[in-house]
Amino acid sequence: MSRPGGGEPQALDYYAARHYAMAHKMGRFPFLDRQDELRRLDHLARSKTGGLAVLYGRRRLGKTRLLLEWSRRHDGLYVTADLSSPEVQRRVVSGALAGRFPGFADTSYPDWTSLFARLSREARQAGWRGPLVLDELPYLVQASPELPSVLQRWLDHDARQARLVVSVAGSS
């Protein structure tokens, strides 16, 4: 179902609103007991070369809360995946990136490689280094089995040249 006058499906509006509300709801609770982990992430965010943080573990341990706090403190972007199709996932990610890079979501990305390549170019031009947080990565990989190798190539080349700070997270 489309919005009146066309545009993205209403399901994407619901998805974005749900995760926006989750991020703001979590922000109302005090951030406790994760100072060592936050200090490590802060060190990565201040790194002149960028880099990757990987967080994984059992559910309900506070990974998401930690990453939301870190992203908030460093003016980053946080995106959480679900079991949607790869096309919907890319639209959600590009929609989040459009908040930082106007017009980013105006393009349809046929694959993750093209989306990440554009992100690197836009970030370099704008001087934005992240952090970009991709939470629930296993859901993305389930829908797009090629994603780990695409991410690895992007992180090793384009993201490194743009000095981006990226975090991926998931539950074990």
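(A) Examining helix H5 (residues 112–126) more closely. For H5, with 15 residues, the first-to-last C-alpha span of 21 Å sits near the 21 Å given by 1.5 Å per residue. Within the sequence span of H5, burial applies to Trp112, Leu115, Phe116, Ala117, Arg118, Leu119, Ser120, Glu122 and Ala123. Structurally, H5 contributes buried residues whose contacts are with helix H4 (86–98), strand E3 (132–135), helix H6 (137–143), helix H7 (147–156) and helix H8 (158–161). Looking at where H5 begins, the residue whose side-chain oxygen comes 3.3 Å from the main-chain nitrogen of Thr113 is Asp111. A positive backbone phi angle near 75° is found at Gly127, which sits one or two residues after H5.

(B) Seen up close, the side chain of Glu136. Within the element layout of this structure, Glu136 appears in the loop between E3 and H6. A distance of 3.2 Å separates polar atoms of two side chains, one belonging to Glu136 and the other to Arg59.

(C) Expanded view of the sheet that holds strand E4 (residues 165–171). With parallel pairing, 4 strands are arranged side by side in an open sheet as E1-E4-E3-E2. In this open sheet, the two edge strands, each paired with only one partner strand, are strand E1 (51–57) and strand E2 (77–80). The sheet shows a mean angle of 15° between the axes of neighbouring strands, taken without regard to direction. By the bridge criterion, 4 bridges tie E2 to E3 in an arrangement that is parallel. Looking across to E3, one finds that Val79 is bridged to Leu134. In this fold helix H3 (residues 63–73) packs onto E1, E2, E3 and E4, with an angle of close to 165° to the strand it touches most, E4. This element, H4, spans E2 and E3 of the sheet and lies at about 165° to E2.

(D) Structural context of a nonpolar patch on the surface. Together, Leu52, Val54 and Tyr56 make up an exposed nonpolar region whose accessible area comes to about 340 Å². Checked against the element boundaries, Leu52 lands in strand E1. Classification of Leu52 by relative accessible area gives partly exposed; the value is 41%.

(E) Structural context of the pattern of salt bridges. Counted under the stated rule, the structure contains 8 salt bridges. Among the salt bridges present, the one from Asp36 reaches Arg39, with a minimum N-O distance of 2.7 Å. Of this pair, Asp36 and Arg39 are both found in helix H2 (residues 35–46), 3 residues apart, which corresponds to roughly one turn of the helix. Between Arg90 and Glu87 there is a salt bridge, and its shortest N-O distance comes to 3.9 Å. Separated by 3 residues within a single helix, Arg90 and Glu87 lie in helix H4, roughly one turn from each other. Judged by relative accessible area, Arg90 falls into the buried class, the value being 6%.

(F) Geometry of the nonpolar core. If you look at the biggest cluster of nonpolar residues, it comprises 29 residues, and the most contacted ones within it are Leu97, Phe116, Leu119, Trp154 and Leu164. Membership of the second largest hydrophobic core comes to 14 residues, among which are Ala53, Leu66, Trp70 and Ala169.

Cut-offs applied
- Residues numbered from 1 in each chain as written.
- Predicted model: local features only at pLDDT ≥ 70, side-chain atom pairs only at ≥ 80, totals over all residues.
- Heavy atoms only, no water.
- Helix = DSSP H or I, 4+ residues; strand = E, 2+ residues; numbered from the N terminus.
- Expected span 1.5 Å × (residues − 1).
- Buried < 20%, exposed > 50% of the residue type's maximum accessible area, 1.4 Å probe, protein only.
- Contact = heavy atoms within 4.5 Å.
- Polar contact = N/O pair within 3.5 Å; in protein donor to acceptor, adjacent residues only side chain to side chain.
- Pairing = 2+ DSSP bridges.
- Axes fitted to C-alpha atoms, helices over the stretch in contact; angles between N-to-C directions.
- Patch = residues over 30% accessible without salt bridge, like charges linked within 9 Å, V, L, I, M, F, W, Y side chains within 5 Å.
- Areas by Shrake-Rupley, 256 points an atom, 1.4 Å probe, with all protein chains shown as cover.
- Salt bridge = Lys/Arg side-chain N within 4 Å of Asp/Glu carboxyl O.
- Core = buried A, V, L, I, M, F, W, Y, C linked by side-chain atoms within 4.5 Å.

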